[in-house]
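These are the residues of each chain, in order.
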Amino acid sequence: MKPKTLAILGAGAWGTTLGQLVRENGHEVRLWSRRSPDSLGQVVAGSDMILSAVSMKGVTAIVEQIHDCRLSANTILITATKGLDPLTTCTPSQLWEQALGDRPVVVLAGPNLSKEIQQGLPAATVVASHNVTAAQQVQGVFSSPSFRVYTNSDPLGVELGGTLKNVMAIAAGVCDGLELGTNAKAALLTRGLAEMIRVGTHWGAQTETFYGLSGLGDLLATCNSPLSRNYQVGYQLGLGRSLSEILASLEGTAEGVNTTQVLIQRAQAQNISVPISYQVYKLLQGEITPKAAVEALMLRDTKPE
Ligand SMILES: NC(=O)C1=CN([C@@H]2O[C@H](COP(=O)(O)OP(=O)(O)OC[C@H]3O[C@@H](n4cnc5c(N)ncnc54)[C@H](OP(=O)(O)O)[C@@H]3O)[C@@H](O)[C@H]2O)C=CC1
Ligand SMILES: O=C(CO)COP(=O)(O)O
């Protein structure tokens, strides 16, 4: 493959790690953050691909700035952010699509704890787009002997898999912090996946996508690893620490905290049943103790599976 030029927006843990992967594959990487001396326009000019790996709270500002930048007609935008916009409740790819018109947008998501990837441990991910050719080009740029990349044609499902599992990762951390055991964790993750599918399909994603790497796969990774920031938040809540105390000492972004707020706002407006996410919400709001959240879930009305 001819070397490509990739502008990476967001020099946090994930942007840096993805930049390292692409550089090792022989492509040119220009890493940009809001603290960079170069302007966004300078960095994206002439790039074949732009990868956004900023946390959700930074996406809107960058999407607005991109409007004023000169991009070539076939520049591919790749979004790796796992979150929901509090103002519009849109996903990052929806925000990018609104801004970029006809240019292809590709979602990259999967069970990808950046610290393991930095060590060169094997991992797999998904690149999803309505534009199959664009997804295949991105697959070519990122694939390596240690990073296996699959294409998918349900970008919304792939994006929501990676986004909604962060709420479940908080719940899983609480479960482990409270030492509720393996049966409880299995029940939580299974019902958590059902909840993610209920929300995702209501919003237009396909059920089967959630059984893939970005849904079930990322659920297994983040709900079982202390490397996950969302899991860490939940674990420490389970130990009885307050959210503000936890966030003050957390290294990096735990998107699930914001995602839970936006999810509950939208699920309530649309009358979608999200019992696990709702207990995570009440816990994050400080309205309930971890033990009371578990009781509330266990004492719900009985129902068929
Ligand atoms: N780390 C991981 O393992 C993975 C992370 N992700 C997702 O990638 C995204 C980024 O995560 P990660 O890199 O770990 O997070 P970090 O906290 O390490 O980095 C966040 C990045 O976003 C930028 N940012 C934050 N707020 C703004 C803003 N208002 N304007 C512009 N830029 C901003 C930060 O810039 P600055 O440094 O200037 O503050 C930084 O570059 C998240 O959505 C996460 O869910 C997805 C898969 C794996
Ligand atoms: O999304 C991730 C791995 O796929 C990273 O998880 P955290 O954001 O919880 O650290």
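Going along each chain's sequence as written, the residues are numbered from 1 onward. Here the convention is simple: chains get letters from A, ligands get numbers from 1, in the order in which they are written. The predicted origin of the model limits local features to residues at a pLDDT of at least 70 and limits the giving and counting of side-chain atom pairs to 80 or more, whereas totals for whole chains, interfaces and linings rest on all residues. Values reported for side chains reflect all heavy atoms of the structure, with hydrogen atoms and water molecules removed beforehand.

1. Examining the overall build of the protein
Moving on, step 1. A run of H or I in DSSP becomes a helix once it reaches four residues, and a run of E becomes a strand once it reaches two; helices and strands are each numbered from the N terminus. A count of helices and strands for the protein gives 14 helices and 7 strands.
Moving on, step 2. Restricting the calculation to C-alpha atoms gives the radius of gyration, and the globule rule supplies 2.2 Å times the number of residues raised to the power 0.38. Expected size for 305 residues packed as a compact globule is a radius of gyration near 19 Å; at 19 Å, the protein falls within 12% of this value.
Moving on, step 3. In terms of overall dimensions, the protein has a C-alpha envelope of 60 × 35 × 35 Å along the principal axes.
Moving on, step 4. Only protein chains enter the area calculation, which uses a 1.4 Å probe; residues under 20% of their type maximum are buried, those over 50% are exposed, and those in between are partly exposed. Relative to its full complement of 305 residues, the protein shows a buried share of 53%.
Moving on, step 5. Here, two residues are considered to be in contact whenever any of their heavy atoms come within 4.5 Å of each other. Look at the contacts in the protein between residues 6 or more apart in sequence, and 70% of them connect residues 24 or more apart.
Moving on, step 6. Each accessible area is a Shrake-Rupley estimate made with a 1.4 Å probe; only the visible protein chains count as cover when residues are assessed. For the protein, the computed accessible surface area is about 13900 Å², with 50% contributed by carbon and sulfur atoms.
Moving on, step 7. The averaged location of the 24 negative side-chain charges in the protein is 2 Å from the averaged location of its 23 positive side-chain charges. The charge count treats Lys and Arg as positive and Asp and Glu as negative. His and the chain ends do not count. The atom standing in for a charge is NZ when the residue is Lys, CZ when it is Arg, CG when it is Asp and CD when it is Glu.

2. Some words on the site of ligand 2
Moving on, step 1. For this description, a residue counts as near a given molecule or strand if any of its non-hydrogen atoms is within 4 Å of it. Residues in close proximity to ligand 2 include Lys-82, Gly-110, Pro-111, Asn-112, Leu-113, Lys-165, Asp-218, Thr-222, Leu-227, Ser-228, Arg-229 and Asn-230, which together make up its full environment.
Moving on, step 2. Throughout this description, a polar contact denotes any pair of N or O atoms lying within 3.5 Å of each other; where both atoms belong to protein, one of them has to be capable of donating a hydrogen while the other can accept it, and for residues adjacent in sequence the pair is counted only when both atoms sit in side chains. In this structure, Arg-229 approaches ligand 2 through a side-chain N or O atom, which is 2.4 Å from an oxygen atom.
Moving on, step 3. Computed on the free molecule, ligand 2 has an accessible area of 310 Å², of which 92% lies beneath the protein chains in the complex.
Moving on, step 4. If you list the elements that add at least two residues to the shell around ligand 2, you get α9 (213–222) and α10 (229–238).

3. What to know about the sheet that holds strand β6 (residues 123–128)
Moving on, step 1. Taken together, the 7 strands give an open sheet; going across it, the order is β2-β1-β3-β4-β5-β6-β7, and neighbouring strands pair in mixed fashion. Each of the sheet's edge strands pairs with one partner strand only, and the pair in question is β2 (28–32) and β7 (147–152). For this sheet, the mean angle separating the axes of adjacent strands, direction not counted, is 25°.
Moving on, step 2. The pairing criterion for strands is at least two bridges between them, as found by DSSP. Both strand β3 (residues 49–52) and strand β4 (residues 76–79) contribute to a ladder of 4 bridges, which runs parallel. Residue pairing across strands places Ser-52 opposite Thr-79, the latter belonging to β4.
Moving on, step 3. Each axis is a line fitted through C-alpha atoms, taken for helices only over the stretch in contact, and angles between the N-to-C directions span 0 to 180 degrees. α9 contacts β5 (105–109), β6 and β7 of the sheet and is inclined by roughly 150° relative to β6.

4. Thoughts on unusual backbone geometry
Moving on, step 1. One non-glycine residue, Thr-89, lies in positive phi territory at about 65°.
Moving on, step 2. Within the fold, Thr-89 resides in the loop between β4 and α4 (92–100).
Moving on, step 3. Positive phi, normally seen in glycine, also occurs at Glu-179, with a value near 55°.
Moving on, step 4. Looking at the element boundaries, Glu-179 is found in the loop between α7 (155–177) and α8 (182–202).
Moving on, step 5. Its relative accessible area of 70% is what places Glu-179 among the exposed residues.

5. A short note on the site of ligand 1
Moving on, step 1. Neighbouring ligand 1 are 23 residues; Trp-14, Arg-34, Arg-35, Thr-253 and Glu-255 lie closest to it.
Moving on, step 2. Glu-255 has a polar side-chain atom sitting 2.6 Å from an oxygen atom of ligand 1.
Moving on, step 3. Contact with the protein chains removes 85% of the 890 Å² of surface that ligand 1 exposes when unbound.
Moving on, step 4. Top contributing element to the shell around ligand 1 by residue count: helix α3 (residues 56–66), with 3 residues.
Moving on, step 5. Three classes are used, and their members are as follows: Ala, Val, Leu, Ile, Met, Phe, Trp, Tyr, Cys and Pro are nonpolar, Asp, Glu, Lys and Arg are charged, and the others, Gly among them, are polar. Looking at the shell around ligand 1 residue by residue, the classes come out as 8 nonpolar, 9 polar and 6 charged.

6. Points about the environment of Arg-229
Moving on, step 1. Position of Arg-229 relative to the elements: it lies in helix α10.
Moving on, step 2. Residues Arg-229 and Leu-247 lie 18 residues apart in sequence; the distance between their C-alpha atoms is 9.7 Å.

7. Regarding the packing of aromatic side chains
Moving on, step 1. Two aromatic rings, drawn from Phe, Tyr or Trp (for Trp, its six-membered ring), form a pair once their centres lie within 6.5 Å of each other, and the interplanar angle then sorts them: stacked below 30 degrees, edge-to-face above 60, tilted otherwise. In total, this model carries 2 aromatic pairs according to the counting rule given.
Moving on, step 2. Geometrically, the ring pair formed by Tyr-231 and Tyr-235 is stacked, given 6.0 Å between the ring centres and 25° between the ring planes. Of this pair, Tyr-231 and Tyr-235 both sit in helix α10, 4 residues apart, which is roughly one turn of the helix.
Moving on, step 3. Residue Tyr-231 is classed as buried on the basis of its relative accessible area of 8%.
Moving on, step 4. Look at Tyr-235 and you get partly exposed, because its relative accessible area is 34%.
Moving on, step 5. Consider the ring centre and the ring normal. A charge sits over the ring if Lys NZ or Arg CZ is within 6 Å of that centre and within 35 degrees of that normal. Arg-266 extends its terminal NZ or CZ atom over the ring of Trp-203, reaching a point 3.8 Å from the ring centre.

8. Some details on a nonpolar patch on the surface
Moving on, step 1. Each patch is built from residues lacking any salt bridge and having more than 30% relative accessible area; the joining distance is 9 Å for like charges and 5 Å for nonpolar side chains (Val, Leu, Ile, Met, Phe, Trp, Tyr). Think of a salt bridge as a Lys or Arg side-chain nitrogen and an Asp or Glu carboxyl oxygen that are within 4 Å of each other. A contiguous nonpolar patch, built from Tyr-211, Leu-216 and Leu-220 and spanning about 290 Å² of accessible area, is present on the exposed surface.
Moving on, step 2. Along the chain, Tyr-211 turns up in the loop between α8 and α9.

9. Some points on the confidence of the model for the protein
Detailed reading of predicted coordinates is not advised where the pLDDT is low.
Moving on, step 1. Per-residue pLDDT for the protein has a mean of 97; in total, 100% of the residues score no lower than 70.
Moving on, step 2. The ipTM for the predicted assembly is 0.98, set against a pTM of 0.98. As a per-residue measure, pLDDT tells how confident the predictor is, with possible values from 0 to 100.

10. Topic: the pattern of salt bridges
Moving on, step 1. One pass over the structure, following the stated rule, counts 6 salt bridges.
Moving on, step 2. The salt bridge partner of Glu-28 is Arg-30, with a shortest N-O separation of 3.4 Å.
Moving on, step 3. One salt bridge in this structure joins Asp-218 and Lys-165, with 3.7 Å as the shortest N-O distance. You can see Asp-218 sitting in helix α9 and its partner Lys-165 sitting in helix α7, a full 53 residues away along the chain. The pair Asp-218 / Lys-165 is uniform in exposure class, with both members buried.
Moving on, step 4. Bridged by salt links that share partners, the residues Lys-82, Lys-165 and Asp-218 form one connected network.

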